[in-house]
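Inside the fold
Spelled out, the chains give:
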Amino acid sequence: MMQPLCRLRRWLRALEPRARQLLDRSWLAQFQPWLERRALFRFQRQPLARGVAAGMFCGLIPGPLQIPGTLLVCAWLRGNVVAGGVATFYTNPLTTVPLYVMAFYLGALVMPGAQTLPAWSSVAPGGEFTVQALGTWMQALGTPLLIGLPTLGLLLAALGYATVQLLWLAPALHRKRRLARCRSAAA
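An account of the accompanying structure is given in this report. Counting of residues starts from 1 at the beginning of each chain's written sequence and follows it residue by residue. With the structure being a predicted model, the display of local features is reserved for residues of pLDDT at least 70 and the display and counting of side-chain atom pairs for 80 or more, all residues being used for whole-chain, interface and lining totals. Only hydrogens and water are set aside when side-chain values are computed; all heavy atoms of the structure are taken into account.

What about the overall build of the chain?
Only DSSP runs of H or I reaching four residues or more are called helices, and only runs of E reaching two or more are called strands; each is numbered from the N terminus. A tally of regular secondary structure across the chain gives eight helices and zero strands. Considering only residue pairs separated by 6 or more positions, the chain has 69% of its internal contacts joining residues 24 or more positions apart. Whether two residues are in contact is decided by their heavy atoms, any of which lying within 4.5 Å being enough.

Things to note about the packing of helix 3 (residues 45-58) against helix 4 (residues 66-77)
In this description, a line fitted to the C-alpha atoms serves as the axis of each element, helices being fitted only across the stretch in contact, and the angle between N-to-C directions of two axes falls anywhere from 0 to 180 degrees. The geometry of helix 3 relative to helix 4 is characterised by a closest axis approach of 9 Å and an angle of 145° between their N-to-C directions. Read as a crossing pair, helix 3 and helix 4 show a hand that is right-handed. Contacts from Arg 50, Gly 51, Ala 54, Gly 55 and Cys 58 in helix 3 reach Gln 66, Gly 69, Thr 70, Val 73, Cys 74 and Leu 77 in helix 4. Class assignment of the residues belonging to the contact of helix 3 with helix 4 gives a composition of five nonpolar, five polar and one charged. Working rule for handedness: look at the near helix, and if it is turned counterclockwise from the far one by less than a right angle, call the crossing left-handed; if clockwise, right-handed. By the convention adopted, Pro, Cys, Tyr, Trp, Phe, Met, Ile, Leu, Val and Ala count as nonpolar, Lys, Arg, Asp and Glu as charged, and the other residues, Gly among them, as polar.

Some points on the packing of aromatic side chains
Centres within 6.5 Å make a pair out of two Phe, Tyr or Trp rings, where for Trp the six-membered ring is used; the pair is then stacked when the planes are under 30 degrees apart, edge-to-face when over 60, and tilted otherwise. Tallying each qualifying case throughout the model produces one aromatic pair. Relative to Tyr 105, the ring of Phe 104 has its centre 5.7 Å away and its plane inclined at 75°; by these criteria the two rings are edge-to-face.

Digging into the layout of surface pockets
Both cavities and pockets are sets of points on a 1 Å grid over the protein atoms alone; in a cavity a 1.4 Å probe fits but cannot get out, in a pocket the set is open with protein on both sides within 12 Å along at least five of seven lines, and lining residues sit with an atom within 4 Å of a point. Grid points are joined across faces, edges and corners, and a volume is the space filled by probe spheres set on the points. In this structure, the largest pocket spans a volume of roughly 320 Å³. Forming the boundary of the largest pocket are 16 residues, of which Leu 8, Leu 12, Leu 48, Val 52 and Val 164 lie nearest the centre. Here the lining of the largest pocket is built from residues that sort into 13 nonpolar, two polar and one charged. Forming the walls of the second largest pocket are 13 residues, and the residues nearest its centre are Pro 62, Gly 63, Asn 92, Thr 96 and Tyr 100. For the lining of the second largest pocket, the secondary-structure elements that each account for two or more residues are helix 6 (96-110) and helix 8 (131-186). Its residues assigned to classes, the lining of the second largest pocket comprises seven nonpolar, six polar and no charged.

Points about the side chain of Thr 88
Inspection of the secondary structure assignment puts Thr 88 in the loop between helix 5 (81-87) and helix 6. Excluding residues within four positions of it along the chain, Thr 88 makes contact with Gly 55, Gly 59, Gln 66, Ile 67 and Thr 70.

Quick word on a nonpolar patch on the surface
Patch construction takes residues with relative accessible area above 30% that form no salt bridge. Like charges are linked within 9 Å, and nonpolar side chains (Val, Leu, Ile, Met, Phe, Trp, Tyr) are linked within 5 Å. Note on areas: these come from Shrake-Rupley sampling with a 1.4 Å probe, and a residue is covered only by the protein chains present in the view. For this document, the term salt bridge refers to a Lys or Arg side-chain nitrogen within 4 Å of an Asp or Glu carboxyl oxygen. A surface patch of nonpolar side chains, about 420 Å² in accessible area, is lined by Leu 109, Val 110, Leu 146 and Ile 147. Put simply, the parts of the chain that give the nonpolar patch at least two residues each are helix 6 and helix 8. Looking at the element boundaries, Leu 109 is found in helix 6.

Quick notes on the nonpolar core
In terms of nonpolar packing, the biggest core is built from 27 residues, with Leu 48, Leu 60 and Leu 152 touching the most fellow members. Elements with a minimum of two residues in this core: helix 1 (2-25), helix 3, helix 5, helix 6 and helix 8. No other element matches helix 8, which puts nine residues into this core. Aside from chain neighbours lying at most four places away, what touches Leu 60 is Tyr 90, Thr 91, Leu 99, Tyr 100, Leu 149, Leu 152, Gly 153 and Leu 156. By size, the runner-up hydrophobic cluster in this structure holds five residues, among which are Leu 40, Cys 74, Ala 75 and Val 81. What we call a nonpolar core is a set of buried Ala, Val, Leu, Ile, Met, Phe, Trp, Tyr and Cys residues that are connected through their side-chain atoms within 4.5 Å. Residue exposure (1.4 Å probe, protein chains only): buried if accessible area is under 20% of the type maximum, exposed if over 50%, otherwise partly exposed.

Following this line, the structure appears as structure tokens:
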């Protein structure tokens, strides 16, 4: 278990010099001081965790605005842009509807009163799936969805942040326990 995590950490650390070389040669070279201050391309624990958190939060933004939103949040939080962009890929055409249903129920849980999920047949009488029917159904979700999406985004961001922190520190904690066992066995 620890070997793949150590290899992943080494691989991520090896990406940083390559990203810096690309920045030196591209049109982004003029922005390098600002990018460096923002830690947007640092592959260390804190920037990676903040980037994943930003990507998890912005992943619930509709379609083409996910990556620009992630870039802005990463710049604001000083998170890794690459990790943020990759983290947005948990939303896709297969997962969007279940995530929105989960957000609806989370919003309904937070809101006072009883909230019911509108049936798909109420917006698509024939039951066929179209983009228009999906848009109408999402509008029918209303206020619970509006409250549930940021709430779910914050929960997923906190979970992503904590996961990166734990995965990054797991090899160090494993090494510490192994050294403690060796010392107690030697004594």
